[in-house]
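The primary structure of each chain is shown beneath.
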Amino acid sequence: MKSGPIGKAIEEFKNRRLGVYKADPDQIVRDTRVAERATKDHVGRWLFELLQNSDDAEASEVQIVIDKDAIYVADNGHGLQPTAVSAICGTDFSDKTAGTIGRKGVGFKSVYEVSQNPQVLTVDGEGIEFGTEKTKEWLQENGLNDSHVPYQWIPFFIPWGDAQSRDPYLNDFKAKAFKTVIRLPSLSPENKQKVEQLLLEWPPHALFAFRHLRQIKAPGIEVVLTEGDGVWSLHDSRGQTPVEWRVTKYTELPPSDLLQILGADERKVIDMEGVSFLIAAPLESGCVVPTSDYLPVHVFYPTEQKGPVRLLLHAEFLVKSDRTALIPVDGNPFNAWVADRLAHHVCKFVNDSYRSEKPSSHAALLVPFADRASHPVAESLWRRIANEAKKSLRLADVEGCQRLSLEEARLISVSVRPDLARTLLEATSVRGQLLHSSFDDDKEARRALRELGCKEIQDPDLMAAIAENADSLATDTQWLWACWQWLAKWVSKEPYGEKHEKRIEVARSLPVVPVDGSVMKASDLADRIVTWKPD
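Residues numbered from 1 in each chain as written. Predicted model: local features only at pLDDT ≥ 70, side-chain atom pairs only at ≥ 80, totals over all residues. Heavy atoms only, no water.

Visitor: What is the right way to look at the overall build of the protein in this model?
Guide: Along the protein, the regular secondary structure elements total 17 helices and 23 strands. For a compact globule of 535 residues, the expected C-alpha radius of gyration is about 24 Å, and the protein comes in at 33 Å, more than 25% above that figure. Burial status across the protein gives 54% buried among its 535 residues. In the form shown here, the protein has an accessible surface area of approximately 24400 Å², with 49% of it arising from carbon and sulfur atoms. For the protein, the distance from the average site of its 66 positive side-chain charges to the average site of its 79 negative ones is 1 Å. (Helix = DSSP H or I, 4+ residues; strand = E, 2+ residues; numbered from the N terminus. Rg over C-alpha atoms; globule rule 2.2 N^0.38 Å. Buried < 20%, exposed > 50% of the residue type's maximum accessible area, 1.4 Å probe, protein only. Areas by Shrake-Rupley, 256 points an atom, 1.4 Å probe, with all protein chains shown as cover. Lys, Arg positive; Asp, Glu negative; His and termini not counted. Charge placed at Lys NZ, Arg CZ, Asp CG, Glu CD.)

Visitor: Would you mind going over the packing of helix H16 (residues 477–492) against helix H17 (residues 497–508) with me for this structure?
Guide: For any two helices packed against each other, the geometry is given by the interaxial angle and the distance between the axes. Orientation of H16 relative to H17, taken along the N-to-C sense of each, is 160 degrees, at an axis distance of 9 Å. With respect to H17, the axis of H16 lies roughly antiparallel. Taken as a pair, H16 and H17 cross one another with a handedness that is right-handed. Contacts from Leu 487, Trp 490 and Val 491 of H16 reach H17 at His 500, Arg 503, Ile 504, Val 506 and Ala 507. Residues of the contact of H16 with H17, tallied by class, amount to six nonpolar, one polar and one charged. (Axes fitted to C-alpha atoms, helices over the stretch in contact; angles between N-to-C directions. Parallel < 35°, antiparallel > 145°, perpendicular 65-115°, else oblique. Left-handed = near helix turned anticlockwise from the far one by under 90°. Contact = heavy atoms within 4.5 Å. Nonpolar A, V, L, I, M, F, W, Y, C, P; charged D, E, K, R; others polar.)

Visitor: I keep staring at the side chain of His 314 and nothing clicks. Help me out?
Guide: Here His 314 is to be found in strand E16 (residues 312–315). For His 314, a relative accessible area of 2% translates into the label buried. When sequence neighbours within four positions are dropped, the list of residues in contact with His 314 reads Ala 209, Ser 276, Phe 277, Leu 278, His 298, Val 299, Phe 300 and Leu 342.

Visitor: Got a minute to help me understand helix H12 (residues 376–392) in this structure?
Guide: Quick reminder: α-helices carry 3.6 residues per turn. Residues three or four places apart thus point the same way. In a regular helix each residue adds 1.5 Å, so 17 residues correspond to 24 Å; H12 covers 24 Å between its end C-alpha atoms and thus fits that length. Looking at H12, one finds that the buried residues are Val 377, Ala 378, Ser 380, Leu 381, Trp 382, Arg 384, Ile 385, Ala 386, Glu 388 and Ala 389. Against the buried residues of H12 lie strand E14 (296–298), strand E15 (302–306), helix H11 (333–352) and helix H14 (443–451). (Expected span 1.5 Å × (residues − 1).)

Visitor: Please clarify how the environment of Asn 76 should be interpreted in this entry.
Guide: Topologically, Asn 76 is positioned in the loop between strand E2 (70–75) and helix H4 (84–88). In this structure Asn 76 comes out as partly exposed when scored by relative accessible area, which is 30%. Along the sequence, Asn 76 and Cys 347 sit 271 residues apart, while their C-alpha atoms lie 37 Å from each other. In this view, Asn 76 contacts Ala 59, Ser 60, Glu 61, Ala 177, Phe 178 and Lys 179; residues no more than four positions away in its chain are not counted. A distance of 2.9 Å separates the side chain of Asn 76 from the backbone nitrogen of Ser 60, its partner in a polar contact. Of note is the side chain of Asn 76, whose polar atom sits 3.0 Å from the backbone nitrogen of Glu 61. (Polar contact = N/O pair within 3.5 Å; in protein donor to acceptor, adjacent residues only side chain to side chain.)

Visitor: So what exactly am I meant to see when it comes to empty space enclosed by the protein here?
Guide: If you roll a probe as big as a water molecule over the atoms, it shows you where there is empty space left. Summed over all chains, the structure comprises one cavity of 30 Å³ or more. In this structure, the largest cavity encloses a volume near 30 Å³. Forming the walls of the largest cavity are Leu 47, Ile 64, Leu 199, Trp 202, Ile 216, Ala 218 and Ile 221. Considered class by class, the residues forming the lining of the largest cavity number seven nonpolar, no polar and no charged. (1 Å grid on protein atoms, 1.4 Å probe; cavity = no way out; pocket = protein on both sides within 12 Å on 5 of 7 lines; lining within 4 Å. Points joined across faces, edges and corners; volume = space filled by probe spheres on them.)

Visitor: What's the story with unusual backbone geometry in this structure? I'm lost.
Guide: If a residue is not glycine, its phi is most likely negative; likewise, a peptide bond is most likely trans. Phi at Glu 58 is positive, roughly 60 degrees, even though this residue is not glycine. Of note in this structure, Asp 516 is not a glycine but carries a positive phi near 50 degrees. Note that Asp 516 resides in the loop between strand E22 (511–515) and strand E23 (518–521). The class of Asp 516 is exposed, set by a relative accessible area of 82%.

Visitor: Which parts of the structure should I look at to understand the packing of aromatic side chains?
Guide: Each pair of aromatic rings is reported with the distance of its centres and the angle of its planes. Applying the stated criterion across every chain, the model contains 14 aromatic pairs. Taken together, a centroid distance of 6.4 Å and an interplanar angle of 70 degrees make the contact between Tyr 21 and Trp 138 edge-to-face. Here Trp 138 lies in helix H5 (residues 132–141) and Tyr 21 lies in helix H1 (residues 5–23), a separation of 117 residues in the sequence. The structure contains a cluster of three or more aromatic residues connected by ring pairs, namely Tyr 72, Tyr 169, Phe 173 and Phe 178. Positioned over the ring face of Phe 349 is Arg 246, at 4.5 Å from the centre of the ring. (Phe/Tyr/Trp six-rings, centres within 6.5 Å; stacked < 30°, edge-to-face > 60°. Lys NZ or Arg CZ within 6 Å of the ring centre and 35° of its normal.)

Visitor: When you look at the confidence of the model for the protein in this model, what are you seeing that I'm missing?
Guide: Low-confidence regions, as indicated by low pLDDT, have predicted coordinates that should not be scrutinised in detail. For the protein, per-residue confidence averages 91 on the pLDDT scale, and 95% of positions sit at 70 or higher. Across residues 94–99, where pLDDT falls below 50, the model places six contacts with residues more than four positions away in sequence or in other chains. Taken as a whole, residues 102–106 scores under 50 in pLDDT and shows 29 contacts with residues more than four places along the chain or in a different chain. (pLDDT = per-residue confidence, 0-100.)

Visitor: Just checking my understanding: could you explain the nonpolar core for this structure?
Guide: The tendency in soluble globular proteins is for nonpolar side chains to be buried side by side. The biggest cluster of nonpolar side chains holds 112 residues, and the ones touching the most others in it are Trp 202, Phe 317, Leu 395 and Leu 449. A total of 10 residues in this core trace back to one element, the largest contributor, which is H11. Setting aside residues up to four positions removed in sequence, Trp 202 forms contacts with Leu 47, Phe 48, Leu 51, Leu 207, Ile 216, Ile 221, Val 223 and Arg 238. Among the nonpolar cores identified, the runner-up in size contains 29 residues, and Met 463, Ala 474, Val 491 and Leu 510 belong to it. (Core = buried A, V, L, I, M, F, W, Y, C linked by side-chain atoms within 4.5 Å.)

Visitor: Explain the pairing of strand E9 (residues 221–226) to me, please; I cannot follow it from the model alone.
Guide: It is a general feature of regular strands that their side chains alternate between the two faces of the sheet. Only one face of E9 is covered, namely the face carrying Ile 221, Val 223 and Leu 225; the face carrying Glu 222, Val 224 and Thr 226 is uncovered. Where strand E8 (residues 215–218) meets E9, four bridges bridge the pair, whose relative direction is antiparallel. Within E9, the position partnered with Ala 218 by the bridge is Ile 221. In sequence, E8 turns back onto E9 through a hairpin of two residues, with Gly 220 there showing a positive phi of about 80 degrees. Sheet topology places E9 next to strand E10 (residues 231–236); four bridges connect them, and they run antiparallel. (Pairing = 2+ DSSP bridges.)

Visitor: Honestly, the environment of Pro 333 in this entry has me stumped. Any pointers?
Guide: Within the secondary structure layout, Pro 333 lies in helix H11. Put simply, Pro 333 and Ile 66 are 267 residues apart on the chain and 44 Å apart in space, counted from C-alpha to C-alpha. What Pro 333 contacts, discounting residues up to four positions off in sequence, is Leu 258 and Ile 261.

Visitor: What should I look at first to understand the pattern of salt bridges in this one?
Guide: Between side chains of opposite charge, pairing is possible as soon as their charged atoms come close. All told, the structure shown has 31 salt bridges when counted by the stated rule. In this structure, the salt-bridge partner of Asp 31 is Arg 17, at a minimum N-O distance of 2.9 Å. Highlighted residues: Asp 31 in helix H2 (residues 26–41) and Arg 17 in helix H1, separated in sequence by 14 residues. For the pair Asp 31 and Arg 17, one class covers both residues: buried. (Salt bridge = Lys/Arg side-chain N within 4 Å of Asp/Glu carboxyl O.)

Written as structure tokens, this is what we have:
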């Protein structure tokens, strides 16, 4: 097959590299070492990077096959483009210090963990391959020293027909209408076992963060994500994941001054398309519930940094060169802006997840990661979420109306009989600040509100409310009886000794004894004769 645009791009790249090596032969050594170092920096990331590349090619489906000693990753995207030649060659090995948004894959560097002879093939088209032997021959042919072989930098043209004649398995992908096939041959038994384990452990929720990719098939796993109007379906053949998820997506343009932090290519794309955000959580019986664990923050793929709450969070943060960690949020203006906007969207997601059937459940979405103090990203994001929640979170009042702010809301946190405490408080002016009764026994929602600094009504507060309102409720016998019931339970919690005596003294000091249409303290009746008569 005569070479076309891909072949031409390959030759142009090789000629440029040859010029570099002729001018500075030591660059061969540097290229070899930087490629080896970069491969080590991306251990375990090759699958995510290849999926990222498929998503960049607007593929909706990826199939992964392991056959004997080779891995195949096929997708239905738009195929290998001439402009991608430079990106998947060694130019992508250069160290990056300023950070990058993970919108584009780190290229091919990660695949060298599992194969030294990778190939990228366009079905019925042109392809590119890398290999030690061919690179060594190329160095020798051009009179260059071959003691170091930077094979990851030097591409070679391979037409589909030649690759197909060597490997008939490629016919299967053509029959299934795939467009691009990445072939990773010479897989060692050890690497094959690692690959199989990696596939079995692949997190299905990672599909949410991709823009186009919606289906992955591999040995032992098939994951299909179906978009809906706010509710998406995630089917995992391993049965590890909830099926229905509530999903919200946003795109925003950052302030123009922040774009200057980005590289030229990213600045151009972000200026046109904006920064994307996605928040998702499982649905159970129509109610949004927290994820089972604290998932990593996603930047089109999961990083190695825990999220602050049990929601799936995706945002286009700047990441370090290995793409596993965010550039510190508090030290980078662009990431600080992304974090602030993410916090805003998280609180909106939580507010919108309110359901009148279970008024406390949406607050449980904000239970923070307990060990966040040792995870700077989680801590920084949580601080922003908490600040935003104090401004915008709305909670259900006693009637189930979602209107109370964190500053207004009061959580009943007495040590005994919260049901009686609620009866007493709802008869007072505090009623307008009380949270709905569903909060009384929702441990997760209560934990979240405590972390957010919601004010609580505890034993002394309840007794102060009794003392303040007893006169106005003196004729309400049911209310007074509830006072006695609660106080009796409270006193009995310390049944012996000095603490018991102190509790009796406190109870005696409250005006809850009905006398001739008013109330008196039991302590004021010490020297009186008290009789009761039926109404």
